[in-house]
Amino acid sequence: SKNKYQIGLAYRSDWYPTPNVISFANDVHTACGGSLVDGILEGLINSCKKYVKENGMLTFKIKRKKFLNGLIIVCAVRGDNFLYGGSFKETLENDEVKKQVKKTTEKLVSQFLKNNKDKADKFLLRFNTTHLMNGTY
């Protein structure tokens, strides 16, 4: 079975806003996330870690908590045989989805970072441990 993914990512730039994540699996609103959201986050974080390493940015520490500041994700997956967890089926629990979306996100974000160095460097400033004013980016 072939899963189809739609993913929108954005960042708000005001000070430490809470993340906004909206996810769907078929027509189920998976309000508590799960496989799809986790896979996207892992792919994003991995690609940023890779970029920082490849570019010798030694003072940069990619932390999940800081990564979530201001993050907006709107995502959906369509496919068959999804498993849902939680008392109201509000999480998606599907290893295949997580693996696929992690790999795809990592590949696409890595390409984006490589092709948009100015944007990448500006975005990644938030992870530079030598910046005392982390709110200014």
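Below: a short report on this structure.

## Looking at the pairing of strand 4 (residues 71-78)
Next up, step 1: Bridge count between strand 1 (residues 4-11) and strand 4: 8 bridges; the pairing is antiparallel. Across the sheet, glycine 8 pairs through a bridge with valine 74, a residue of strand 4.
Next up, step 2: Looking at chain direction, strand 2 (residues 20-25) and strand 4 are connected through 6 bridges and run parallel. Paired with isoleucine 22 across the strands is valine 74, a residue of strand 4.

## With respect to the state of the cysteines
Here is the idea: a disulfide is a covalent bond, and it sits between the sulfur atoms of two cysteines.
Next up, step 1: Tallying each qualifying case throughout the model produces 0 disulfides.
Next up, step 2: With no disulfide partner, cysteine 32 has as its closest neighbouring cysteine sulfur the one in cysteine 75, 13 Å distant.
Next up, step 3: Residue cysteine 75 is classed as buried on the basis of its relative accessible area of 2%.

## Here we look at the packing of helix 1 (residues 35-54) against helix 4 (residues 117-124)
Next up, step 1: Viewed as axis vectors pointing N to C, helix 1 and helix 4 meet at an angle of 105°, and their least axial separation amounts to 12 Å. The orientation of helix 1 relative to helix 4 falls into the category roughly perpendicular. Side by side, helix 1 and helix 4 meet where Cys48, Tyr51 and Val52 of the first sit next to Lys117, Ala120, Asp121, Phe123 and Leu124 of the second.
Next up, step 2: Considered class by class, the residues forming the contact of helix 1 with helix 4 number 6 nonpolar, no polar and 2 charged.

## Examining the packing of helix 3 (residues 95-115) against helix 4
Next up, step 1: Contact geometry of helix 3 with helix 4 gives a least axis separation of 5 Å together with a crossing angle of 105°. In terms of orientation, helix 3 lies roughly perpendicular with respect to helix 4. Along its contact with helix 3, which presents Phe112, Leu113, Lys114 and Asn115, the element helix 4 presents Lys117, Lys119 and Ala120.
Next up, step 2: Its residues assigned to classes, the contact of helix 3 with helix 4 comprises 3 nonpolar, 1 polar and 3 charged.

## Structural notes on the pairing of strand 2
Across a regular strand the side chains alternate sides, sitting on one face of the sheet and then on the other.
Next up, step 1: Of the strand pairs in this sheet, strand 2 and strand 3 (residues 28-29) are connected by 2 bridges, and their pairing is antiparallel. What sits directly across from phenylalanine 24, in strand 3, is histidine 29.
Next up, step 2: Between the antiparallel neighbours strand 2 and strand 3 lie 2 residues, among them asparagine 26 with a positive phi of about 55°.

## Side note on the sheet that holds strand 3
Next up, step 1: Spatial strand order, 1-4-2-3: 4 strands in an open sheet with mixed pairing. Among the strands making up the open sheet, the edge pair consists of strand 1 and strand 3.
Next up, step 2: This element, helix 3, spans strand 1 and strand 4 of the sheet and lies at about 55° to strand 1.

Definitions and limits used
Residues numbered from 1 in each chain as written. Predicted model: local features only at pLDDT ≥ 70, side-chain atom pairs only at ≥ 80, totals over all residues. Heavy atoms only, no water. Pairing = 2+ DSSP bridges. Helix = DSSP H or I, 4+ residues; strand = E, 2+ residues; numbered from the N terminus. Disulfide = S-S within 2.5 Å. Buried < 20%, exposed > 50% of the residue type's maximum accessible area, 1.4 Å probe, protein only. Axes fitted to C-alpha atoms, helices over the stretch in contact; angles between N-to-C directions. Parallel < 35°, antiparallel > 145°, perpendicular 65-115°, else oblique. Contact = heavy atoms within 4.5 Å. Nonpolar A, V, L, I, M, F, W, Y, C, P; charged D, E, K, R; others polar.

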